[in-house]
Amino acid sequence: MLGAYAVRVARRGRPAMPRLGASPGSALLPGPVVEAFYWSFHAPARALVRLGVSPDALTYLSLGLSLACAPLLATGRFRSGAALLVASAVLDALDGMVAREGGTASRAGAVLDSCLDRLSDAAPLIGLAVFYREHPAALAIPLVAMVASSLVSYARAKADAYRISLPNGLMRRHERLAYLVAALVFGPAVPSTRLTGALPFPITLACLALVAGFGLAAGLRLVQRARATLAAADAAELPELPEPRTTARTGGEHPRLLRGGKATSAPL
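Residues numbered from 1 in each chain as written. Predicted model: local features only at pLDDT ≥ 70, side-chain atom pairs only at ≥ 80, totals over all residues. Heavy atoms only, no water.

## A word on the overall build of the protein
- When helices and strands are tallied, the protein shows 9 helices and 2 strands.
- The N-to-C order of helical and strand elements in the protein reads α-α-α-α-α-α-α-α-α-β-β.
- Per-residue burial for the protein yields a buried fraction of 35% across its 268 residues.
- Summed over all atoms, the accessible surface of the protein reaches about 15,600 Å², with 64% contributed by carbon and sulfur. (Helix = DSSP H or I, 4+ residues; strand = E, 2+ residues; numbered from the N terminus. Buried < 20%, exposed > 50% of the residue type's maximum accessible area, 1.4 Å probe, protein only. Areas by Shrake-Rupley, 256 points an atom, 1.4 Å probe, with all protein chains shown as cover.)

Dropping the structure here:
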C-alpha cells in the first residue's frame, strides 16, 4: 500500500485530500502513512457505490465487528481481536467515502457515524480491561485510555460545533487505532518478563499506557485551546461599557451621572 502510494506521488504528485487537512500526521504517526491508507480506500468505496451498498449498513457492520472483538480480547485472543478491529476500522473509513461518492452524505449520517464511533472505541478497551481485571494497576490503563479517547473525540466534536479550528495534534482516532492494533499484534510475542512477573503481555500494556498518557494530555490541551479561542471570541463580541462621568457636587445634590447622554440627579 505504501509502495503504491509512493509510486502515485512520484508520477502524478500528492492527491488532493481536503478531509485530511494540510498535515494529517503527527509526531508519532507520519502523514504519508495516513495519506496512503486514505488514498487506498477510494477504489473500494467507488466499487461499493456501484454495488448499491448503503453507508449506514457499513457503519452498523463496523460497530458489530468492533463489539465482537471485545470478548476475544477479554479471553486473551489478541491477534484474532486485532483482525476484527482492523476490519471494523476499514469499514468505518469506507462509510463516509461511500456516502460522498454516492451523493448521499448527510448530517443525519454524520451524527450516526460519530455516535457509533464512540461505542466502537470503547469496545476493545473494555475487553482489555476485563482481561487485566486481576491486576488493579494494569486494569486502570485501558480504562484511562478509554476516557482519553472520549475526551479527544468530544473536544474535537465541540470545536467543530462552534466552528473552531484546532491543531491536528496527537491521538486522533486513526492514530489510536494504529497503536492499539500494533499492541494486539506484537504484544503476544512477549507473554511475560522477569520485570513484570505474572503480568501477561507487558508490551501490549505499554502501548496502551502510551495511548492513555498521550491521549489524556492531548485531550486536555484541546479543551484548553478551545476554551481560550471561545473566551477571546466572547470578549470581542461584548459591547464596551461607558465609564461613569461625574460633575462637582452642587446645592444639596449628588454628582450627576450621565447615562446615555441624559443627566440625572438624585436628591439627598
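Next comes the rest of the write-up.
## Looking at the pattern of salt bridges
- Under the defined criterion, the tally for this structure stands at 5 salt bridges.
- Among the salt bridges present, the one from D117 reaches R173, with a minimum N-O distance of 3.7 Å. Taken together, the residues D117 in helix 6 (residues 107-131) and R173 in helix 8 (residues 173-186) connect sequence positions 56 residues apart.
- For R118, the salt bridge identified is with D121, shortest N-O distance 3.2 Å. Of the two residues, R118 and D121 both sit in helix 6, 3 residues apart, roughly one turn of that helix.
- Given a relative accessible area of 28%, R118 falls into the partly exposed group.
- Through salt bridges with shared partners, one network takes in D92, D117, R118, D121, R173 and R176. (Salt bridge = Lys/Arg side-chain N within 4 Å of Asp/Glu carboxyl O.)

## Focus: helix 2 (residues 31-40)
- Those residues of helix 2 lying buried are G31, V34, E35, A36 and Y38.
- Buried residues in helix 2 make contact with helix 1 (2-12), helix 3 (42-50), helix 5 (78-101) and helix 8. (Contact = heavy atoms within 4.5 Å.)

## Things to note about a nonpolar patch on the surface
- A surface patch of nonpolar side chains, amounting to about 320 Å² of accessible area, comprises V144, V147, L216 and L220.
- Looking at the nonpolar patch, the elements that each hand over two or more residues are helix 7 (136-161) and helix 9 (202-237).
- Following the sequence through the fold, V147 ends up in helix 7. (Patch = residues over 30% accessible without salt bridge, like charges linked within 9 Å, V, L, I, M, F, W, Y side chains within 5 Å.)

## Concerning the packing of helix 6 against helix 8
- Running from N to C, helix 6 and helix 8 point in directions that differ by 25 degrees, and their axes come no closer than 12 Å. As the angle between them shows, helix 6 and helix 8 are arranged roughly parallel. Between helix 6 and helix 8 lies a crossing whose hand is left-handed. Of the residues in helix 8, those touching helix 6 at D117, R118, S120, D121, P124 and L128 are R173, R176, L180 and L184. (Axes fitted to C-alpha atoms, helices over the stretch in contact; angles between N-to-C directions. Parallel < 35°, antiparallel > 145°, perpendicular 65-115°, else oblique. Left-handed = near helix turned anticlockwise from the far one by under 90°.)

## Notes on the confidence of the model for the protein
- When pLDDT is averaged along the protein, the result is 84; 84% of the residues meet or exceed 70.
- Model confidence for the protein, summarised as mean pLDDT per element, is weakest for strand 1 (residues 257-259) at 43 and strongest for helix 4 (residues 55-74) at 96.
- Note on residues 247-268: pLDDT is under 50 here. Beyond four places in sequence and across chains, it has 25 contacts. (pLDDT = per-residue confidence, 0-100.)

## Considering the nonpolar core
- The biggest cluster of nonpolar side chains holds 25 residues, and the ones touching the most others in it are F78, L85, L128, Y132 and L184.
- Contributions of two or more residues to this core are made by helix 4, helix 5, helix 6, helix 7, helix 8 and helix 9.
- With 5 residues, helix 8 is the single largest residue contributor to this core.
- When near neighbours in sequence (up to four residues on either side) are disregarded, L85 contacts S66, C69, P124, L177, L180, V181 and L184.
- Core analysis: the next-biggest nonpolar cluster, separate from the first, contains 12 residues, Y5, M17, F41 and L94 among them. (Core = buried A, V, L, I, M, F, W, Y, C linked by side-chain atoms within 4.5 Å.)

## A few points about the side chain of T59
- Mapped onto the secondary structure, T59 falls in helix 4.
- Leave out the neighbours within four places in its chain, and T59 touches D95, L112, D113 and L116.

## Considerations on the packing of helix 5 against helix 6
- One way to put it is that helix 5 packs onto helix 6 with a least axis distance of 12 Å and a crossing angle of 170 degrees. With respect to their mutual orientation, helix 5 and helix 6 come out roughly antiparallel. Residue-level contacts link F78, L85, D92 and D95 of helix 5 to D113, D117, P124, L128 and F131 of helix 6.
- Here the contact of helix 5 with helix 6 is composed, by residue class, of 5 nonpolar, no polar and 4 charged. (Nonpolar A, V, L, I, M, F, W, Y, C, P; charged D, E, K, R; others polar.)

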